[in-house]
Amino acid sequence: MRDRLAECARQLGLQMHVRRLAESTRTVRDAAVAVGCHESEIAKSIVFVADGDPIVCVASGRHRIDTAKIADALDAAVVRQAAADEVRAATGFAIGGVPPFGHDLPILFDESLLEHERVWAAAGDPHSLFEVDPRELVRCVEARVVPVGDDGA
């Protein structure tokens, strides 16, 4: 899986050094503790289903994702978080390890991640992360930058 992801990063022109950790990085809190950063610097990749089609939302770990904002950004009537089996079927990765690329799905990118010089994202499994400039990531994956955070969180 990591070889597939590394090849995809190379094709995208993305410099990626994967950090394999003994600790789990499955949750935002676990990932932040493991690499010694703030939760807002964790770029979590969450799969949603918008009008029947899977999409990936790369969001800051500091807040919940507002599905109404995703619906507005995509002009979708119905948006819901994908179930575990849908995530694996759509991306090839399990929840907790979904990277922001390597799955050929449309990507919405949380504008608040651009407040940081570097962010950490999942690298294909719940024990691996990679650090990246969020602007470079947006450019390489051709993500749409939108506000996705729940204003109440």
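Residues numbered from 1 in each chain as written. Predicted model: local features only at pLDDT ≥ 70, side-chain atom pairs only at ≥ 80, totals over all residues. Heavy atoms only, no water.

Student: An account of the pattern of salt bridges is requested, with residue identities and associated values reported.
Tutor: Summed over the entire model, instances satisfying the criterion amount to 6 salt bridges. Where arginine 80 meets glutamate 86, a salt bridge forms, and the shortest distance between an N and an O atom there is 2.7 Å. The partner of arginine 135 in a salt bridge is aspartate 133, with the nearest N and O atoms 3.4 Å apart. Classification of arginine 135 by relative accessible area gives partly exposed; the value is 33%. (Salt bridge = Lys/Arg side-chain N within 4 Å of Asp/Glu carboxyl O. Buried < 20%, exposed > 50% of the residue type's maximum accessible area, 1.4 Å probe, protein only.)

Student: Go over the nonpolar core with me, naming the residues and quoting the values.
Tutor: Note that soluble globular proteins tend to have their nonpolar side chains buried in a common cluster. Judged by nonpolar contacts, the single largest core of 28 residues is most densely connected at Leu14, Val58, Phe101, Phe109, Phe130 and Leu137. When residues of this core are traced back to their parent elements, those giving at least two are α1 (2–12), β2 (42–50), β3 (53–60), β5 (107–110), β6 (119–122), β7 (128–132) and α5 (134–141). The greatest single-element share of this core, amounting to 4 residues, is contributed by α5. Ignoring sequence-local partners within four residues, the contact set of valine 58 consists of Ala43, Lys44, Ser45, Pro100, Ile107, Leu108, Phe109, Asp110 and Leu113. With 15 residues, the next largest nonpolar core counts Ile55, Ala73, Val79 and Val148 among its residues. (Core = buried A, V, L, I, M, F, W, Y, C linked by side-chain atoms within 4.5 Å. Helix = DSSP H or I, 4+ residues; strand = E, 2+ residues; numbered from the N terminus. Contact = heavy atoms within 4.5 Å.)

Student: Break down α5 for me, with residues and values.
Tutor: For α5, the complete set of buried residues consists of Pro134, Leu137, Val138, Cys140 and Val141. Two or three places before arginine 135, at the start of α5, stands the capping residue aspartate 133, its side-chain oxygen 2.8 Å from that residue's backbone nitrogen. Glutamate 142 sits one or two positions beyond α5 and adopts a positive phi of about 55°. (Polar contact = N/O pair within 3.5 Å; in protein donor to acceptor, adjacent residues only side chain to side chain.)

Student: How would you explain the side chain of aspartate 110 if you had to name every residue and give the values?
Tutor: The residue aspartate 110 is located in strand β5 in this model. The buried charged residue aspartate 110 lacks any salt bridge, with arginine 62 as its nearest oppositely charged partner at 6.3 Å. Polar side-chain contacts of aspartate 110 include one of 2.6 Å to the side chain of histidine 63. Sequence-distant contacts of aspartate 110, defined by excluding residues within four places in its chain, comprise Val58, Ala59, Ser60, His63, Val146 and Val148. (Lys, Arg positive; Asp, Glu negative; His and termini not counted.)

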